Amino acid sequence: MIETMEVLNWVSVVRDKDDQFVSITERIPARGDLIMAAPKVLNILMVGPVERAALALLGATVLQPLLVEDALQIAAVAEGVKGHDQAAEDALRHLTGTGLIRRVDSEDGRSVLYNPNVWTQGDEALAKAALKAADARATTDVGALLQEVALNPGLPDAHVKSTERKWVDFAVSQNLVQRSVIQTAEGVERGFLFTPHLRRDPFGGTAGDASGHVRQLVGSMIYAATFAKFKLDTPEIFLRALVNRGVAGNACYGPLRRGMARPCGQPGDGNEP
């Protein structure tokens, strides 16, 4: 194990003249470096085609609900799976058997796959959304949008680069993407996009969905940093004040003036909701 981690440059090892360990110093790679190292780790561990297909299926169904055919195609062309025709089918059987992927059969005979640990809207809603995306030939566009939004939570809908506006509206209408709207006192509205992954409480301790408050706060701060007349330059200072005091300066949750916030109900400069 030590030798493997040394090859990956995750530890630094000092040995004596007899090649015995003297000291081991860990190195904590950045998140991006860990992700980039994944293929090398899989090769070192000699992960087989079925395991690689399972990883591809998990990644695809975490991102979005998919028709079975589309999900299997993604797995079949994954690195290390090509040429192993049965690997994707075997991987899907293992994943559905262990509950890591859920399969829903629709009335028209088509089946939809999704990750139940991420997508919590229920079988009927998710199957309907995936089928509508497939019927509209929008599966690829919606997937690209979800990937962009997942990398940029709170992305202004006017700044989407991965697809056309009509597919943004489509994804929102199917609850595949959530849009929080910030409205200023002057009537200006801006939409900010989030993936539904934020709704999931992994510890099961939340009675209701509190994520709407989080989305509204994040959207407000991104508005303030992007569109407001007086930009929010130091969001970390604002958040620290909000957590410690419950209010932050001279604004409340809305677009913030000069990086500060005001208690609700006090007059502002027109850039607040």
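Our structure's up above, just so we're on the same page.
Residues numbered from 1 in each chain as written. Predicted model: local features only at pLDDT ≥ 70, side-chain atom pairs only at ≥ 80, totals over all residues. Heavy atoms only, no water.

## With respect to unusual backbone geometry
The phi torsion at arginine 137 lies on the positive side, around 55 degrees, for a residue other than glycine. As for its placement among the helices and strands, arginine 137 is situated in the loop between α6 (123–135) and α7 (139–151). Residue asparagine 175 is not a glycine yet carries a positive backbone phi of 65 degrees. Looking at the secondary structure, you find asparagine 175 in the loop between α8 (165–173) and β7 (178–183). By relative accessible area, asparagine 175 is classed as partly exposed at 29%. (Helix = DSSP H or I, 4+ residues; strand = E, 2+ residues; numbered from the N terminus. Buried < 20%, exposed > 50% of the residue type's maximum accessible area, 1.4 Å probe, protein only.)

## Section: the sheet that holds strand β5 (residues 111–114)
Within the open sheet, the three strands sit side by side as β3-β5-β4. Their pairing is antiparallel. Every other strand in the sheet has two partners, leaving β3 (66–67) and β4 (102–105) as the edge strands with one partner each. Bridging between β3 and β5 involves two bridges; their strand directions are antiparallel. Bridged to leucine 67 within β5 is valine 112. (Pairing = 2+ DSSP bridges.)

## Quick notes on helix α2 (residues 31–44)
The first and last C-alpha atoms of α2 sit 20 Å apart over 14 residues, in line with the 20 Å expected at 1.5 Å per residue. Along α2, the largest kink reaches about 45 degrees and is centred on alanine 38; proline proline 39 follows within four residues of it. Just past α2, the residue methionine 46 takes up positive phi, approximately 55 degrees. (Expected span 1.5 Å × (residues − 1). Bend = angle between axes of the 7 residues up to and from the residue.)

## A closer look at the nonpolar core
Generally speaking, nonpolar side chains in soluble globular proteins are found buried as a group. One finds Trp119, Leu145 and Leu193 to be the most contacted residues of the largest nonpolar core, which totals 26 residues. Only β5, α6, α7 and α8 provide two or more residues apiece to this core. In terms of residue count, α6 provides more of this core than any other element does, six residues in total. Membership of the second largest hydrophobic core comes to 19 residues, among which are Ala54, Ala60, Leu66 and Ala78. (Core = buried A, V, L, I, M, F, W, Y, C linked by side-chain atoms within 4.5 Å.)

## Re the pairing of β4
Here β4 runs beside β5; their pairing, made up of four bridges, is antiparallel. Of the residues in β5, the one forming a bridge with arginine 102 is tyrosine 114.

## Observations regarding the pairing of strand β8 (residues 189–194)
Judged from the two bridges that link them, strand β6 (residues 155–156) and β8 form a sheet pairing that is antiparallel. Residue pairing in the sheet places leucine 155 in a bridge with leucine 193 of β8. Two elements, β7 and β8, share six bridges in a ladder whose sense is antiparallel. Each bridged residue has a counterpart across the sheet, and for glutamine 178 the counterpart in β8 is phenylalanine 194. Connecting the antiparallel pair β7 and β8 is a turn made up of five residues, with glycine 187 showing a positive phi of about 90 degrees.

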